[in-house]
Amino acid sequence: MDDDGTRGVRGPSADRVPGPAVPPPPTTPPRVPPPAAGAHPADRPGGQPTEHHGSGPTSAPQVGRRPARPASAPPAEQPAPGAPVDAWLRTPRPPQEPGVWRYGYTPPPPEEPEGVSDRSLLVGALIALLSALLLWSLWRNGYLPYRLVPLKLFTPGEWWNPGTSGGPRTIEGSDALTVYEAILFGLLVYGCGRIGNFSELFRRHVAERGQPFLALAAAAAASLTQLLVWKETLPVVRPVLVLVASVAGGEIYQSQAVVNVIYALIAAAVLWPFARLGRWRELIAARRRSGAPAPAAEAAPATTTSADQWPELRAAGWNDAADTLTAEVRTGRMNDVDVARLRHAWTLATKRPERLAPLAEAVLRTGGAAALHPSGDRDLPRRTARHDVLTGQVRVGRCAEDPHNPYIRRGTGLALDPALLGTSLLAVGPPGAGKSARLVRPLVEALALRALAGQAAVLAVGGAGEPLGPDDAFDVVVRLGHPGSAHDLDLYGGTSDPDEAAAVLAEGLVGDVGSLDSRRAATVLAQLLGPYRAAHGHFPSVPELRELLDGTPAALAGLRASLEAAGHPAMLRELDARSRQAGGPGDPAPVLADRVALLDRPTFTGFFATGPDARPFELRALGQHPLRVRVDLPERGHAEASRLLTRLLLAQFTAITAARTDTTLFVCLVLDDATHAVTAETVRGIRRLRSVNAGAVLALRTVDDVPEALHTPLLGAVGCTAAFSGITTWDGKRFAEAWGKEWVETREVAQHTVFADQPFTRALHALRKLVTGKAVTTDAVTVRQVERERWSASELAYAVPAGHAVIRLANVEGEHAPPLLVHLDG
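Residues numbered from 1 in each chain as written. Predicted model: local features only at pLDDT ≥ 70, side-chain atom pairs only at ≥ 80, totals over all residues. Heavy atoms only, no water.

### Points about the packing of aromatic side chains
Going through the model one piece at a time under the given rule, you end up with eight aromatic pairs. Relative to Phe-608, the ring of Phe-604 lies with its centre 5.8 Å away and its plane at 40 degrees, an arrangement referred to as tilted. Judged by its relative accessible area of 3%, Phe-604 is buried. Over the face of the ring belonging to Trp-88 we find Arg-93, whose NZ or CZ atom lies 4.9 Å from the ring centre. Note that Arg-209 overlies the ring of Phe-213, its terminal NZ or CZ placed 4.7 Å from the centroid. (Phe/Tyr/Trp six-rings, centres within 6.5 Å; stacked < 30°, edge-to-face > 60°. Buried < 20%, exposed > 50% of the residue type's maximum accessible area, 1.4 Å probe, protein only. Lys NZ or Arg CZ within 6 Å of the ring centre and 35° of its normal.)

This is the structure:
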């Protein structure tokens, strides 16, 4: 990175992003850090016991390597055992709607229709059972006429006594009647079970309780059934003996061993359905393997075209390189970031065929260490969320089992990725709602992992001490106002055009002043920045800019003398115009000077330097290299200055990303606190980000932290919005309006009292009212389609539980998901 406009920060080198000196190559590879509490082990694949040194020719430019941990020192955190990388690669990731966690996704079962109530189910089963008992009693006692007619039609007449009700005359007739009654009993039991809906009763009140209650209930039912069978209350044993005798002859019962075998088979046949219902085999198998850990995710079997075989390399004819990477994956010398980085490097190399051979050679020489990130890092020191680096997703929560959520999304993981962040995200919630810890930091981690894979660049801005990640997870850490900061910040964004610098600086300084036109402020700044740069070769520092805006005679006279000596008549005219306009009505210079004075404090001494020896970090480098940058603001002692700097960084980011021509890298700005940072111009810039492969994440305590005139434009500019628990009804109203309405089916039930005309009916109604305490009524049900808000303002303010948020997502391709209630469990 020799001439990319990214200069060392407060350091000696001006041709690369500042960082410590390049250390010798590490002797051990970076190990995958253990996940935080709640992280899934299957999402942290691989550890690396050894490492190949060097990087391939396709590596990104060197932007300052971080010192490697000594080989003899153990890592700060031991990696937790995780799934192998090859299994992680083969795990299916089916395409889904925006926001669905795709890693190992399995669709939910079909939605069951609304069933009957428990009371109706129990009453129906009881009525069916009593009816079956009554019918069987009438049958056994001979009160049903013509009950033997079907049997007599298919048996010889000499077996029966005369008449339709005549019983059996011979032993054969008695045996036939025994089998006939057993068949009818079986049909009666089947019909009673179907009519009484005993299967649903069993599923709802027994099976849903799980083991071991299911097995115990089945065992109790099996014991009772065995007792009734051997007491011959249920017609099972005698019909079986009759059938066996009719087939094998009565002499078979002369052997006691045969009789015992038949009895054992009857007992087993009676026991078998209860064993199936109680799932005894599954319970026994679960008890046997109770000590073994359950697999985290089932991976697809390995094939010649599976992802862990690197089929894209084999298809291009680089079988040796594919074999090398396959061995690296299977032996654990590569982690998930290495896989994503090399796949991305290969994709870029295919667009420029001259890079294919150097990349393949680097893979053969260094294996998984080829095409390293310029910092030399192969993973973050710590992860606090579940990441799938292959798809770029980070899991932030789980969709709640709530009627507002579609059935297909209930219980599924909710994840964010660059395709969603490309539409920008606005998160609103009071302090303590979890915006930083549960949303902002996981997003910063995901973008940092993408940067290590060469696919993204991230700029995270927050207050000093905010949980955006450790220092060694970033390439550049700018601590504004901290004496020990190794990096500085360029107020002018690295541009050399005075008009461009003035426009961005004016937006940052006075963009929140509604009574002041930022275009006039930009003109005033341009009239001073242009002449100063022409005279000195660089833009003025903060004290010098303040003196020029205040109209200090000595500063203006010195600048005029320098311009006259250098021969810049055009710039002299600019300075003369500024002198004529100074002090006039509506002159924005005093307001600009007051805002610049916020940065001209002892705390910021040495920062924002612009001289020939200054080495500030320029935001323009984000669009050129996969950098991880964090800016810490002194919010506690200098709140107004911090808001000014946040507004300036947002204005610089939208201006720089919109002007870049190479949009290969996804660039994202994350503002942990965007209070008073949003202006009309930045809202227009945010709307343009999705077309240049960039996005912004803005976190606010309330929507009122943005000027009221920008509420609607801001909610319309971002594609993803998140309302955390605890917001006010005023904020909820704005989200409800932005999310729109949907058609829902409503049921209105009107109860009308029944007035009987007959004396007997009136007596029955009076008796029912006496028993139930309610008058006899009829229900009139009206079903209609109405249009209602997806989430009302009151629901957003009072119905969102703690630790939850309602999130609405949309991607850059126009696909969107409805607002979902999400439990932010990571």
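Past the structure itself, the notes keep going.
### Describing the confidence of the model for the chain
Chain-level pLDDT for the chain is 83 on average; 87% of the residues reach the 70-or-more range. Residue range residues 294–299 is modelled with pLDDT below 50. Its contacts to residues more than four positions away, or to other chains, number nine contacts. (pLDDT = per-residue confidence, 0-100. Contact = heavy atoms within 4.5 Å.)

### Points about the packing of helix H7 (residues 237–248) against helix H8 (residues 256–278)
Contact geometry for H7 and H8: axes closest at 11 Å, N-to-C directions at 130 degrees. Comparing the axis directions of H7 and H8 gives the class oblique. Helix-helix and strand crossings are classified by hand; for H7 and H8 the assignment is right-handed. Residues Val-237, Val-240, Leu-241 and Val-244 of H7 touch H8, and the partners they reach there are Ile-262, Tyr-263 and Ile-266. The residue inventory of the contact of H7 with H8, partitioned by class, reads seven nonpolar, no polar and no charged. (Axes fitted to C-alpha atoms, helices over the stretch in contact; angles between N-to-C directions. Helix = DSSP H or I, 4+ residues; strand = E, 2+ residues; numbered from the N terminus. Parallel < 35°, antiparallel > 145°, perpendicular 65-115°, else oblique. Left-handed = near helix turned anticlockwise from the far one by under 90°. Nonpolar A, V, L, I, M, F, W, Y, C, P; charged D, E, K, R; others polar.)

### Notes on the side chain of Thr-746
In this fold, Thr-746 is placed in strand E11 (residues 741–753). Judged by relative accessible area, Thr-746 falls into the buried class, the value being 10%. With residues near it in sequence (within four places) discarded, Thr-746 still touches Thr-782, Val-783, Arg-784, Val-786 and Arg-788.

### Overview of the packing of helix H2 (residues 118–140) against helix H5 (residues 198–205)
Contact geometry for H2 and H5: axes closest at 10 Å, N-to-C directions at 135 degrees. Between H2 and H5, the interaxial angle falls into the category oblique. Between H2 and H5 lies a crossing of left-handed hand. In contact with Asp-118, Leu-121, Leu-122, Ala-125 and Leu-129 of H2, H5 contributes Phe-198, Glu-200, Leu-201, Arg-204 and His-205.

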